[in-house]
Amino acid sequence: MTALLEVENLTVALPTRAGYRNAVDDLSLTVHSGEVVGIAGESGSGKTMTALSLFGLLPHGAKVTGSARLDGTDLLALRGRPLRDVRGRQVAMVSQDPTAALHPILTIGTQLTEHMRHHLGVSKSEALGRAAELLDTVRIPDPERALRSYPGQFSGGMRQRIAIAVALAAEPRLLVADEPTTALDVTVQAGILQLLDRLCRERDTAVIVITHDLGVMSALARRVYVMYAGRLAEAGPTSRLLTRPRHPYTRGLLDALPHPEADGAPLVPIGGTPPSLGAVPGGCPFHPRCAHAVASCAAQRPEAVQASGEEGPHLLACPPDPLRVLA
Amino acid sequence: MTAPPENPVPDNPVPDNPVLALTGAAVEYRRRGQRVRALDGVDLTVARGEIVGLVGESGCGKSTLARAAVGLVPLAAGTVTFDGQPVTPLGMRRRAGRLRGLQMVFQDPYESLNPRRKIGALIGDGMLLGGGSRATARSRAVELLERVGLPATAADGYPHEFSGGQRQRIAIARTLAAGPSCLIADEPISALDASAQAQIANLLTTLVREERIGLLLVSHDLSVVRQVADRVAVMYLGRIVETGDTATVWSGPAHPYTEALVAAIPRADGAGVLPADLPGDVPDPASPPSGCRFHPRCPVARDDCAVTEQRLIALPGIPVPGPAPGSAHAAACHVRVPQAGSGDTAPSGAGPSAADGAAPASSRPAVPGADALCGSSTRTSSTC
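Residues numbered from 1 in each chain as written. Chains lettered and ligands numbered in written order. Predicted model: local features only at pLDDT ≥ 70, side-chain atom pairs only at ≥ 80, totals over all residues.

## Quick look at the overall build of chain B
Helix and strand counts for chain B come out as nine helices and twelve strands. Classification of the 384 residues of chain B by burial places 51% in the buried group. In chain B, of all internal contacts separated by at least 6 residues, the share reaching a separation of at least 24 is 65%. (Helix = DSSP H or I, 4+ residues; strand = E, 2+ residues; numbered from the N terminus. Buried ≥ 20, exposed ≤ 12 C-beta atoms within 10 Å, placed from the backbone. Contact = placed C-beta atoms within 7 Å.)

## Here's the deal with the overall build of chain A
In terms of helices and strands, chain A carries twelve helices and twelve strands. In terms of overall size, chain A behaves like a compact globule, its C-alpha atoms giving a radius of gyration of 21 Å where 327 residues would be expected to give roughly 20 Å. Dimensions of chain A along its principal axes, counting C-alpha atoms only, are 65 × 50 × 40 Å. For chain A, with 327 residues in total, the buried portion stands at 49%. If you take every contact in chain A between residues at least 6 apart in sequence, the share linking residues at least 24 apart comes to 62%. (Rg over C-alpha atoms; globule rule 2.2 N^0.38 Å.)

## Re the nonpolar core
Generally speaking, a soluble globular protein has its nonpolar side chains buried in company with each other. Counting 207 residues, the largest nonpolar core has Ala165(A), Leu174(A), Ile208(A), Ala69(B), Leu216(B), Leu217(B) and Val234(B) as the members making the most contacts within it. In terms of residue count, the dominant contributor to this core is helix 5 (residues 194–211) of chain B (nine residues). (Core = buried A, V, L, I, M, F, W, Y, C linked by C-beta atoms within 7 Å.)

## Quick look at the sheet that holds strand 9 (residues 231–236) of chain B
Either a parallel or an antiparallel arrangement is found when strands of a sheet pair, and the pairing is made through backbone hydrogen bonds. Residues and elements named next belong to chain B. Across the sheet, which stays open at both edges, the eight strands sit in the order 6-7-8-3-9-10-12-11 with mixed pairing between neighbours. Bordering the open sheet on either side are strand 6 (102–105) and strand 11 (313–314), each of which pairs with just one other strand. Pairing analysis gives five bridges linking strand 7 (residues 182–186) to strand 8 (residues 214–218), with the strands arranged parallel. Considered in strand 8, the bridge of Cys 182 is made with Gly 214. (Pairing = 2+ DSSP bridges.)

## Here we look at the packing of helix 2 (residues 119–129) of chain B against helix 3 (residues 134–147) of chain B
Two quantities define a packed helix pair, namely the angle between the axes and the distance from one axis to the other. All names here are of chain B. Direction vectors running N to C along helix 2 and helix 3 enclose 115°, while the axes themselves pass 8 Å from each other. Of the two elements, helix 2 crosses helix 3, and the hand of that crossing is right-handed. Note on element contacts: helix 3 touches helix 2 through Thr 136, Ala 137, Arg 138, Arg 140, Ala 141 and Leu 144, opposite Gly 120, Ile 123, Gly 124, Met 127 and Leu 128. Class assignment for the residues of the contact of helix 2 with helix 3 results in six nonpolar, three polar and two charged. (Axes fitted to C-alpha atoms, helices over the stretch in contact; angles between N-to-C directions. Left-handed = near helix turned anticlockwise from the far one by under 90°. Nonpolar A, V, L, I, M, F, W, Y, C, P; charged D, E, K, R; others polar.)

## Considerations on the interface of chain B and chain A
The interface of chain B with chain A comprises 41 residues on the first partner and 42 residues on the second. Put simply, the parts of the chain that give the side of chain B that touches chain A at least two residues each are helix 5, helix 6 (222–228) and helix 8 (256–263) of chain B. Class assignment of the residues belonging to the side of chain B that touches chain A gives a composition of 20 nonpolar, 13 polar and eight charged.

## Points about helix 7 (residues 156–168) of chain A
Residue and element names in this part refer to chain A. Its 13 residues give helix 7 an end-to-end C-alpha distance of 18 Å, which sits within 8% of 18 Å, the value for a rise of 1.5 Å per residue. Among all positions of helix 7, only Gly 157, Met 158, Arg 159, Gln 160, Arg 161, Ile 162, Ala 163, Ile 164, Ala 165, Val 166, Ala 167 and Leu 168 are buried. Contacts made by the buried residues of helix 7 are with strand 6 (91–94), helix 3 (98–101), helix 4 (108–120), helix 5 (124–137), strand 7 (174–178) and helix 8 (186–202). (Expected span 1.5 Å × (residues − 1).)

## Structural notes on the environment of His119(A)
Residues and elements named next belong to chain A. Tracing the chain through its elements places His 119 in helix 4. Each C-alpha atom of the pair His 119 and Ile 192 lies 26 Å from the other, and the pair is 73 residues apart in sequence. Not counting residues within four places of it along the chain, the set of residues in contact with His 119 comprises Gly 88, Arg 89 and Ala 170.

## Topic: the pairing of strand 4 (residues 63–70) of chain A
Residue and element names in this part refer to chain A. As paired elements, strand 1 (residues 5–16) and strand 4 share seven bridges and run antiparallel to each other. By the bridge assignment, Glu 8 is partnered in strand 4 with Ser 67. Note that strand 4 and strand 5 (residues 73–74) share two bridges and pair antiparallel. Each bridged residue has a counterpart across the sheet, and for Leu 70 the counterpart in strand 5 is Thr 73. Hairpin connection of strand 4 to strand 5: two residues between the antiparallel strands, including Asp 71 at a positive phi of 55°.

## Some points on the pairing of strand 3 (residues 36–40) of chain A
Residues and elements named next belong to chain A. Taking burial as the measure, the five residues of strand 3 include five buried ones, the bulk of the element. Alternating positions in strand 3 separate into two faces, Val 36, Gly 38 and Ala 40 on one and Val 37 and Ile 39 on the other, with burial throughout. Bridging between strand 3 and strand 8 (residues 206–211) involves five bridges; their strand directions are parallel. Across the sheet, residue Gly 38 finds its bridge partner in strand 8, namely Val 209. Pairing analysis gives four bridges linking strand 3 to strand 9 (residues 223–228), with the strands arranged parallel. The residue of strand 9 that forms the bridge with Ala 40 is Val 226.

## Focus: helix 3 of chain B
All names here are of chain B. With 14 residues, helix 3 ought to run about 20 Å at 1.5 Å a step, and its terminal C-alpha atoms sit 20 Å apart, in line with that. Every buried residue belonging to helix 3 is among Ala 137, Arg 140, Ala 141, Val 142, Leu 144 and Leu 145, and all of these are buried. Summarising the contacts, the buried residues of helix 3 are in contact with helix 2 and helix 4 (164–176). After helix 3 finishes, the residue Gly 149 shows a positive phi value of roughly 85°.

## Concerning the environment of Thr99(A)
Relative to the assigned elements, Thr99(A) resides in helix 3. Spatially, the C-alpha atoms of Thr99(A) and Phe154(A) are 9.9 Å apart, while their sequence positions differ by 55 residues.

## Focus: the sheet that holds strand 2 (residues 34–46) of chain B
All names here are of chain B. Reading across the sheet, the four strands line up as 2-1-4-5 and stay open at both edges, with antiparallel pairing between neighbours. Looking at the sheet topology across the chains shown, the edges are occupied by strand 2 and strand 5 (85–86). One ladder, built from nine bridges, connects strand 1 (residues 20–31) with strand 2; its direction is antiparallel. Following the sheet pairing, Val 27 is matched in strand 2 by Leu 39.

## Looking at the confidence of the model for chain A
Mean pLDDT over chain A: 88, with 97% of residues reaching 70 or higher. At the level of individual helices and strands, chain A shows its lowest average pLDDT in helix 3 of chain A, which scores 82, and its highest in strand 9 of chain A, which scores 95. (pLDDT = per-residue confidence, 0-100.)

## Topic: unusual backbone geometry
Residue and element names in this part refer to chain A. One non-glycine residue with positive phi stands out, namely Asp 204, at about 65°. Take Asp 204: it is sitting in the loop between helix 8 and strand 8. What makes Asp 204 partly exposed here is the crowd of 13 C-beta atoms within 10 Å.

## Focus on the confidence of the model for chain B
Residue and element names in this part refer to chain B. Scored by pLDDT, chain B has a mean of 79; 81% of the residues are at 70 or more. Confidence over residues 320–326 falls short of pLDDT 50; this stretch has 13 contacts with residues more than four positions distant or in other chains. Between residues 341–384, whose pLDDT stays under 50, and residues either more than four places distant or in other chains, the model counts 62 contacts. For this predicted complex, the interface score ipTM comes out at 0.80, alongside a pTM of 0.80.

This is how it looks when you write it as structure tokens:
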């Protein structure tokens, strides 16, 4: 099986007062058609910068190296017209805040048909017909009427479903969902998760879901990349990663979650805070917060390599591998 | 799993006089000349040293309740008392000094801290209002910063120098400056990162236990409420539809709405199971559905649900060791919690409704250890 998206050695450097600093540092990942892949990590871990780099939407002054090939086309090298042709048509994005993603004074119909007509070259009436179908797919009641309505007339959950419909309008092959349910209620979140899951089954759309919520990750993603301070900490199948994590950071993220079975036991937070961009520690970036850190952790920057003892592909950037005995 | 006997009530004795009490509280807003009841006849108590979780979807009135409890919005009916005294709505005048012990922690620490004032000054204000001098305010601010796990040097910093979790600690330290006996926290951890969430949840729990502060924790995140709250109240469209001991409500939710909320939580177990969906949205409170307000979305609704108003009925069969009446498990659903002949044999009736046999779950009162039931009901709902 060939990969739909192949990101290799992606490095995004952002200007800070102390010079350029890597917000994403040497990240490689692959996504296959119809597959949901997750990127997990706290704020500042480089999740969102990774996503934005695929769309050429990085902040002004950012330096990008490496490659991100979608079917052989390097998205990072595209500029101008070719980039516009890819955006929306091949890759589309759903952001965290549906209110900001939709134009407040254009009707849903206009927003849904705009790039459908641009990319697919269909007539206005055909586009409107397809738009109504899409709204039905994302379970918006009375699609015909919704097409004539404005974003403000819908609730947050419905707006996010509309934003997903807009992203899907030109039938992209890769959907990047950046914290798609963080702002929503659990009940609405469940609906969005089911929708995303259905889409990638029925349409063979590949999805990259970016979230710090490992519950969402568990429900949706088949494989997870865990990032910390711009670097890959661990990557592997969700079922392994969430039951037998090998990286102390993954373990820490899991322990910080309220556990469905543990009653009243205090939560176990990861001590300290994630480093800011200008102050990423040397060696393993996680070592100051790591309970298992040894002397070599502060000295050498670990590379993600195949974890020993794992059957499938499982990358781990933790040479001491203290959790191996447990695994 | 959770068995009912391990009810954590004993180590947390609930005194008879709650520090905060809402009785029949109702709040109305005006919208285009129309009256909208955002909060409708809510009874709720919080005792010192107790954490009460308030959960529900957005638009169900949680935040309105929190704001009414501290007097930020006036009541249309009912009362709110703090330490036995009525909480008067905030007007043009200075807030009454006797209410200083009732404090609020807001959701977004990026908005709630004045960006142009130093942390020490932000916290010191609480002391100055209480009649302290600047010198004592300063030393107490440092003390409080250390209490919430920040270095003393933080007092000389500005809010932007701190991360979200640290800012929320500062906001909590600021409320502590007033020497509160009751805190209302409206989504205090939703804006934070996963590890910061755990830190703040633990900090609040520790403060509540050690300083004997009552805490009303408003959150849409049930798993956090479940972890820290002693009691939980579930709201839907301005009303409380279920209340009870957290472990009991979690392991055996009686109201279909609570059940749907619990089933919708994705679990980080790597099993790849999609959480169960609850279709529909919270209706517009300007025109609430007739009868049970949840009936249009309810999977177990019957015809009469659309006409019969529901009120909280205590669940029989579940032992209630807590001394306060508020610790009883109660739900407002006549399908799941039948009123058992309107009071004849209500409290003790063994298997009061097995004959009624409406749904498998209606046999719940006869089986206190609702584990099996909970498991089966979650399973059925997640397969649809």
